[in-house]
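# Reading the structure
Next come the chains, spelled out residue by residue.
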There are 2 protein chains.
Amino acid sequence: MAVTPADAGVASLGEFVFECGQSIPELTVAYETYGEFDGDNVVLVCHALTGSQNVARTPERDADANQAGQARAWWDDIVGPGKAIDTTEHYVVCANVPGSCYGTSGPASERPAGLDRADEPDHDRWGTAFPPVQVEDWARAQRRLLDHLGVGRLRAVVGGSVGGMNVLEWAKRYPDDVDLIVPVAAAARLDAQCLALDAIARRAIRADPNWRGGEYYGEDRPNPDTGLAMARQIGHVMYLSKASMERKFGRRSAGRDSLSRDEGDLGLDADAAAAFFPYREVESYLDYQAEGFSERFDANSYLYLTRAMDEYDLAAGYGSDADALAAFEGEALVMSFTADWHFTVEQAASVAAAFRDRDIPVAHHVIDSDHGHDAFLVEPEHVGPPLRDFLADGVAGRAVEDEGADGSPREDTAEPTHAPVHSSLFNR
Amino acid sequence: MAVTPADAGVASLGEFVFECGQSIPELTVAYETYGEFDGDNVVLVCHALTGSQNVARTPERDADANQAGQARAWWDDIVGPGKAIDTTEHYVVCANVPGSCYGTSGPASERPAGLDRADEPDHDRWGTAFPPVQVEDWARAQRRLLDHLGVGRLRAVVGGSVGGMNVLEWAKRYPDDVDLIVPVAAAARLDAQCLALDAIARRAIRADPNWRGGEYYGEDRPNPDTGLAMARQIGHVMYLSKASMERKFGRRSAGRDSLSRDEGDLGLDADAAAAFFPYREVESYLDYQAEGFSERFDANSYLYLTRAMDEYDLAAGYGSDADALAAFEGEALVMSFTADWHFTVEQAASVAAAFRDRDIPVAHHVIDSDHGHDAFLVEPEHVGPPLRDFLADGVAGRAVEDEGADGSPREDTAEPTHAPVHSSLFNR
């Protein structure tokens with residue numbers, strides 16, 4: 001099909017059999033593109049857990065593209081004309097992943113006629129009858145979309161957080177299809193601490209009486225916003241570092257009691273004892289963010305996507321991460337952030353070591369930051385230069401640093417002590 | 001009054017005016033004692049957030065003292081005959097704090113006749129009409145209890161976690177009453193990250209439909225166990241280090257699906273999509289622990305005690321921590337653990353610096369451990385020796401180490417790099 005610059009649409013891709021074996025008759029994928037396709041300039045961007053296909057602002061789409069809320073233009077500092085992923089040079093594609101809620105098929109999508117449940121024949125949404133989704137399905141859906149768009153080989157696949165897992169899956173599943181991969185603030189798999197917090201977050205949603213086993217769609221059924229807000233708050237703490245929270249909020253009071261707020265938007269009962277204590281800025285911030293989030297995101301999608309993230313294991317089906325990546329013939333830039341305790345520098349180093357083990361050109365670029373996991377979004381000034389130069393010259397790129405095979409990065413620390421070596425495995 | 005060895009009881013201490021200004025007509029305090037009082041051998045032990053007065057096992061109390069569940073004999077490795085706090089030498093007193101639920105007055109206590117609420121005249125428990133409680137009230141209640149027991153001056157006050165805040169409050173409020181203080185795994189105040197997680201945990205309780213604004217007492221009203229379990233799970237993750245969770249659980253499956261469990265004890269609706277994914281050991285462990293916890297603890301008490309912890313600020317009423325401690329004329333042993341991210345080594349160092357600033361003899365004993373905050377309970381082999389020697393000889397005690405004023409401890413790290421200097425500010 002003909003591709004126009006700065007396109008946005010929803011592709012109908014036919015039946016889709018998920019990795020779990022279940023299928024849906026029609027997979028729809030919402031996507032956006034930026035720049036002009038010239039045959040070998042495609043950069044696929046993979047969004048994070050609650051992101052959308054709307055990577056960057058475009059003048060022609062600003063007017064009506066408001067469905068994504070905070071997920072709008074989520075990497076606008078990185079993607080655009082003259083930016084690190086330069087849309088005057090690259091043709092950028094981003095697709096909303098299956099299981100999400102920004103236009104691609106997921107639990108909130110309409111269920112095709114004839115697939116109603118026996119016990120609820122008039123119900124028109126999938127709910128939790130939607131097949132379980134895995135990161136592998138995201139990569140497969142992206143491949144299907146790109147085929148649909150007439151794109152074969154990719155210059156690069158780039159993404160952060162669980163989007164970085166999505167990137168790694170590309171190198172594993174389609175090793176011949178892509179030259180360069182850039183997993184940012186990612187890991188080959190989650191550790192036990194993150195698995196635990198994600199499980200608690202899902203419990204918060206499922207414990208909300210409005211969740212109703214996932215069957216909350218319909219006019220007379222309120223969304224499980226209270227549970228979703230709590231889940232998001234747990235996630236939010238995971239995205240920030242201890243030091244950045246302390247610096248940003250400290251113990252300051254928000255200047256009003258918690259009673260007035262809790263009686264409001266989040267709909268919780270108040271208690272007299274609570275009114276004695278200050279409503280702190282950190283709580284106010286998390287409440288404000290979570291309220292906005294529960295307006296823009298679907299609770300079932302949150303369950304689905306966190307389960308996909310938890311389940312992902314790069315080594316699955318192979319003996320090791322290195323074996324899983326062995327067929328990849330391109331180059332990799334692994335980026336990590338010193339105060340990220342969701343996806344640690346140590347985990348990124350382990351991914352880099354897996355590439356190195358198979359003699360795949362790789363640079364592990366560690367960024368000194370106390371912003372935590374959030375750094376991949378809020379520090380474009382540090383993410384941009386190595387990303388730009390890697391897209392141009394691979395690991396030999398000028399701003400690409402590599403901590404090297406001997407690096408023993410500090411995990412989970414607020415005080416950066418790691419001094420990245422400004423060199424690459426190859427040349428400068 | 002006459003004190004017998006290994007005593008346990010509930011003292012009725014008359015009207016108690018809380019720091020907030022509200023009062024109750026009769027404060028009851030549940031306490032236990034161990035050893036024999038000889039006039040100057042009293043060690044007050046302060047329990048942590050969900051602990052009880054039952055510090056150690058005693059033969060005569062084992063038969064019936066089962067009310068405390070997991071809070072039973074919580075420091076039995078440290079307190080007892082021949083142990084670090086040697087009950088053949090010391091007279092140990094531990095009291096359940098106001099706001100808790102192990103026999104001392106709190107939200108679950110019976111409300112005296114005549115104080116029923118106008119809108120619910122037959123209601124016989126305080127619920128959230130119980131006055132807001134602060135750490136300061138804990139110290140004041142302990143002082144009242146000790147007066148009641150005929151104890152004037154104390155040899156030592158020892159406690160871990162928020163119990164360590166309770167210890168610091170003794171040095172601040174009753175500087176002439178105690179020779180030695182030992183705050184273990186404590187801080188002068190919580191940081192923003194912990195404040196945030198505590199606030200989310202309270203939200204989990206308050207969002208439970210069974211909570212009913214705190215009015216869930218009574219035969220036909222179920223407890224808000226689901227919310228309390230979630231709150232506990234958040235706390236539990238805070239008590240463990242990232243490295244210890246990974247080592248203990250990794251990503252292993254518990255060998256059954258989550259569906260079967262979730263339909264069970266925690267009473268959450270199941271969803272089909274969840275059944276595809278493994279129920280992991282880390283989740284199984286947290287669920288098991290949280291279920292036990294919600295059987296032994298009162299949800300309103302959890303709200304009250306976490307608020308007390310969050311609100312505590314050693315410097316309150318003074319210009320600084322050092323000013324707050326300035327009148328203390330004893331010696332202090334501050335103990336911390338390298339992988340504790342709830343109360344960090346850095347926070348402990350700050351407390352030690354405050355003592356040092358006022359020329360108060362202090363040792364900051366840092367224990368290399370990857371157990372996280374939990375270490376103060378699970379590593380008695382490291383806590384015991386310095387504690388024992390400090391009780392005998394103060395900071396000059398043989399096993400007491402001090403990282404010194406120049407220490408720049410690493411915060412929140414799994415790989416111990418800190419090498420404590422085996423020396424004290426004074427002599428060996």
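Structural data are supplied above this passage.
First, a word on what this report is: a plain description of the structure on this page. Since we're looking at a predicted model, the values are computed, not measured. Counting restarts for each chain, with residues numbered from 1 along the sequence as it is written. Written order decides the labels, with chains lettered from A and ligands numbered from 1. Selection of residues for local features in this predicted model requires a pLDDT of at least 70, selection of side-chain atom pairs for listing and counting requires 80 or more, and totals for whole chains, interfaces and linings are taken over all residues. Hydrogens and water are ignored here; the side-chain numbers use all heavy atoms of the structure.

## Things to note about the side chain of Asn166 of chain A
All names here are of chain A. To keep it simple, the criterion reads: Put simply, DSSP marks the helices as runs of H or I at least four residues long and the strands as runs of E at least two long, and each gets a number from the N terminus on. Only protein chains enter the accessibility calculation, which uses a 1.4 Å probe; a residue whose area is less than 20% of its type maximum is buried, one above 50% is exposed, and one in between is partly exposed. What makes two residues a contact is simply this: any of their non-hydrogen atoms within 4.5 Å.
Counting through the fold element by element, Asn166 comes out in helix 2 (residues 162–173). Assessed through its relative accessible area of 0%, Asn166 is described here as buried. Among all residues touching Asn166, those that are not within four sequence positions of it are Cys46, Val97, Val135, Trp138, Ala139 and Gln142.

## Focus: helix 4 (residues 192–207) of chain B
Residues and elements named next belong to chain B. Applicable threshold: Helices are assigned an expected span. That span is 1.5 Å times one less than the residue count. The term polar contact refers here to a pair of N or O atoms within 3.5 Å; inside protein, the definition further demands a hydrogen-donor-capable atom paired with an acceptor-capable atom, and it admits residues adjacent in sequence only when both atoms are side-chain atoms.
The terminal C-alpha atoms of helix 4, which comprises 16 residues, lie 22 Å apart, in line with the 22 Å expected from a rise of 1.5 Å per residue. Most of helix 4 is tucked away: 16 of the 16 residues are buried. Between the side-chain oxygen at the start of helix 4 and the backbone nitrogen of Gln193 there is a gap of 3.2 Å, and the oxygen is on Asp191.

## Notes on helix 5 (residues 225–239) of chain B
Relative to the 21 Å expected for 15 residues at 1.5 Å per residue, helix 5 of chain B spans 20 Å between its end C-alpha atoms, a close match to the ideal helical length. For helix 5 of chain B, a buried count of 14 out of 15 residues is recorded, marking the element as mostly surrounded by other parts of the structure.

## Examining the sheet that holds strand 9 (residues 154–160) of chain B
Residue and element names in this part refer to chain B. How we decide: Paired strands, in this sense, are two strands between which DSSP finds at least two bridges. Axis definition: a line fitted to C-alpha atoms, over the contacting stretch in the case of helices. Angles run 0 to 180 degrees between N-to-C directions.
Strand order in this open sheet of 8 strands is 1-4-8-5-9-10-13-14, and the pairing throughout is mixed. The sheet is open, and its two borders are formed by strand 1 (8–12) and strand 14 (362–367), each paired with just one other strand. Neighbour to neighbour, the strand axes of the sheet diverge by 20° on average, direction disregarded. Bridge count between strand 5 (residues 42–46) and strand 9: 4 bridges; the pairing is parallel.

## With respect to unusual backbone geometry
Even without being glycine, Asp359 of chain A reaches a positive phi, approximately 60°. Following the sequence through the fold, Asp359 of chain A ends up in the loop between helix 11 (345–357) and strand 14 (362–367). Phi is positive for Ala73 of chain B, close to 45°, though the residue is something other than glycine. Within the fold, Ala73 of chain B resides in the loop between helix 1 (59–62) and strand 6 (79–80).

## Here we look at the packing of aromatic side chains
Residues and elements named next belong to chain A. Cut-off, in case you're wondering: Only Phe, Tyr and Trp rings take part, Trp by its six-membered ring, and two of them pair if their centres are within 6.5 Å. Stacked means planes under 30 degrees apart, edge-to-face means over 60, and tilted covers everything else.
By the definition in use, this model includes 33 aromatic pairs over all chains. Note on Trp74 and Trp75: the rings are 5.5 Å apart at their centroids and 15° apart in plane angle, and the pair reads as stacked. Given the relative accessible area of 14%, Trp74 is considered buried. A relative accessible area of 1% means that Trp75 is categorised as buried. Between Phe293 and Tyr302, the ring centres sit 5.7 Å apart and the planes meet at 75°, which makes this aromatic pair edge-to-face. Relative accessible area serves as the criterion here: at 0%, Phe293 is assigned to the buried category.

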